[in-house]
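Coordinates in review
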Amino acid sequence: MAQVEAPVTPAKPAPPKTPRRANETGVPDNTPFLHPLMKKNYGQWKYHDRPRPGVLHHVAKSGDELWTVKAGTQRQMDVWTIRTLCDIIDKFGEGQVRFTIRSNVEIGVSKWEKVGPLINALESAGFPVGGTGNSISMIAHTQGWLHCDIPGTDASGAVKALMDDLIVEFKREEMPNRVHLSTSCCEINCGGQADIAIIVQHTKPPKINHDLVANVCERPAVVARCPVAAIRPAMVNGKPSLEIDEKKCMCCGACYPPCPPMQINDPEHTKLAIWVGGKNSNARGKPTFMKMVASGLPNNPPRWPEVSEVVKRILRVYKEDARSWERMADWIERIGWPRFFEKTGLTFTKYLIDDWRGARANLNASTHIRF
Ligand code: SF4
Ligand code: SF4
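Here we summarise the structure given alongside this text. (Residues numbered from 1 in each chain as written. Chains lettered and ligands numbered in written order. Predicted model: local features only at pLDDT ≥ 70, side-chain atom pairs only at ≥ 80, totals over all residues. Heavy atoms only, no water.)

**Considering the overall build of the protein**
Each helix and strand in the protein was counted, giving 10 helices and 13 strands. Since a compact globule built from 371 residues should have a radius of gyration of about 21 Å, the 26 Å found for the protein marks it as more spread out than a globular shape. Residues counted as buried form 43% of the 371 residues belonging to the protein. Within the protein, counting contacts between residues at least 6 apart in sequence, those at least 24 apart form 62% of the total. With an accessible surface of roughly 21900 Å², the protein has 55% of that area assigned to carbon and sulfur atoms. (Helix = DSSP H or I, 4+ residues; strand = E, 2+ residues; numbered from the N terminus. Rg over C-alpha atoms; globule rule 2.2 N^0.38 Å. Buried < 20%, exposed > 50% of the residue type's maximum accessible area, 1.4 Å probe, protein only. Contact = heavy atoms within 4.5 Å. Areas by Shrake-Rupley, 256 points an atom, 1.4 Å probe, with all protein chains shown as cover.)

**Let's talk about the site of ligand 1**
Residues in contact with ligand 1, as listed here, are Thr-142, Gln-143, Cys-148, Ile-150, Pro-151, Ser-184, Cys-185, Cys-186, Asn-189 and Cys-190. Taken together, the residues that form the shell around ligand 1 break down as six nonpolar, four polar and no charged. (Near = heavy atom within 4 Å. Nonpolar A, V, L, I, M, F, W, Y, C, P; charged D, E, K, R; others polar.)

**Observations concerning the state of the cysteines**
All chains considered together, the criterion is met by one disulfide. In this model Cys-217 forms its disulfide with Cys-259; the gap between the sulfur atoms is 2.1 Å. Given an S-S torsion of about 70°, the disulfide between Cys-217 and Cys-259 has right-handed geometry. One end of the pair, Cys-217, is in the loop between helix H5 (210-216) and helix H6 (219-225); the other, Cys-259, is in the loop between strand S10 (239-244) and strand S11 (262-263), and 42 residues separate them in sequence. (Disulfide = S-S within 2.5 Å.)

**Some details on the sheet that holds strand S3 (residues 65-72)**
Backbone hydrogen bonds hold the strands of a sheet together, and the pairing may be parallel or antiparallel. As summarised here, the arrangement of the five strands in space is S1-S2-S3-S5-S4, forming an open sheet in which the pairing is antiparallel. Since the sheet does not close on itself, it has two edges, and those belong to strand S1 (45-52) and strand S4 (98-99), each with one partner. Pairing geometry for S3 and strand S5 (residues 104-109), over six bridges, is antiparallel. For Trp-67, the partnering residue across the bridge sits in S5 and is Val-109. (Pairing = 2+ DSSP bridges.)

**Here's the deal with the packing of helix H7 (residues 305-321) against helix H8 (residues 328-335)**
The N-to-C vectors of H7 and H8 enclose an angle of 70°; their axes lie 11 Å apart at closest approach. Judged by the inter-axis angle, H7 sits roughly perpendicular to H8. The segment H7 lies against H8, with Ile-314, Leu-315, Val-317, Tyr-318 and Asp-321 engaging Met-328, Trp-331, Arg-334 and Ile-335. Broken down by class, the residue content of the contact of H7 with H8 amounts to seven nonpolar, no polar and two charged. (Axes fitted to C-alpha atoms, helices over the stretch in contact; angles between N-to-C directions. Parallel < 35°, antiparallel > 145°, perpendicular 65-115°, else oblique.)

**Describing the site of ligand 2**
Lining the immediate environment of ligand 2, one finds Pro-206, Cys-226, Pro-227, Val-228, Ile-231, Cys-249, Met-250, Cys-251, Cys-252, Gly-253, Ala-254 and Cys-255. Residues that form the shell around ligand 2 fall into these classes: 11 nonpolar, one polar and no charged.

**Concerning the packing of H8 against helix H9 (residues 337-344)**
Relative to each other, H8 and H9 sit at 105°, their axes nearing to 6 Å. By the angle between their directions, the pair H8 and H9 is classed as roughly perpendicular. Taking contact as the criterion, the partners of Trp-331, Ile-332 and Ile-335 in H8 are, on H9, Trp-337, Arg-339, Phe-340 and Lys-343. Split into classes, the residues belonging to the contact of H8 with H9 amount to five nonpolar, no polar and two charged.

**Quick word on the pattern of salt bridges**
Applying the stated criterion across every chain, the model contains 20 salt bridges. The salt bridge partner of Arg-50 is Glu-173, with a shortest N-O separation of 3.0 Å. Of the two residues, Arg-50 sits in strand S1 while Glu-173 sits in the loop between helix H4 (155-171) and strand S6 (181-184), which places them 123 residues apart along the sequence. You can call Glu-173 partly exposed: its relative accessible area is 25%. Taking the shortest distance from any N to any O, the salt bridge between Arg-172 and Glu-174 comes out at 3.7 Å. With a relative accessible area of 42%, Glu-174 lands in the partly exposed category. (Salt bridge = Lys/Arg side-chain N within 4 Å of Asp/Glu carboxyl O.)

The following block contains the structure:
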């Protein structure tokens, strides 16, 4: 007699997955990363002070006290360095750490007795403790050659070279006010607005590889990208391509990201510029835009000595000459730009004058979107 196969029981359908909540916009929730004492006393602080540079002390209305040790990192850390840091935090801290926007770490502890050993462990592993109060903060910088597609220099390398020279000022609180520095490895994106900013400066229009444009670039998007309408579609050698009106081009590099055949980076003609006086806060004075004070500095890896020299010179004069609590912009406004150039010994040239008359009509200077 033929065997009758038992009916196959259909597999139980998997329970419907909870759809992932969209969280692509807005600031992520930071509460899971707060020290328990900070979470408990959130918004309930009585006062805070700084017992020494690099250490914040918060006292809550409940009587709880929290000490936060701030240390600089190199931002792009290898696994070994991250493990070293985590071991220190577990052994000498309380297992909690948060990163600031300037790539510092802040480690909270609930007892003053833990602060000294934590600082010793961080310093001996190469993480300098500082960056609080009127110090020179860690430089906010962008990724450069490591993982961005449009850099004209390596921001991280220039930052490393400069912070090697400024580490003493990072660890002390001896500047007139806090000093924020930033770097940007292309002209158009990440690294703007700081007391002193180091920003790439292209000085020649892009060179177009006409053989590649049709295959790689969406030409209308590239044309639309140019803020001064300097790009036009063109047929070159029988192929659809693009052309640039070089009289209009202001060498911003905005066309290079959507169209890599419009190469603008150049070992000789891509330079660095120093801008000063940017400030976002409303404290004591209104927010200010930066102004360029040195242009055409050589893009000179691996130590960028010319850039470091100009930044250190400005900082030296600011430290000597500014009054207590004057930010860089406040100081320059008080003494005036002619005195700024006299005191710093920087040369004022025609390249520092913002003479682009199209800005009024073309740039988005308000929150309104214009096309
Ligand atoms: S500044 Fe420009 S090149 Fe550098 S990381 Fe930002 S977008 Fe990329
Ligand atoms: S570099 Fe800037 S101004 Fe020049 S063509 Fe490209 S987008 Fe236009």
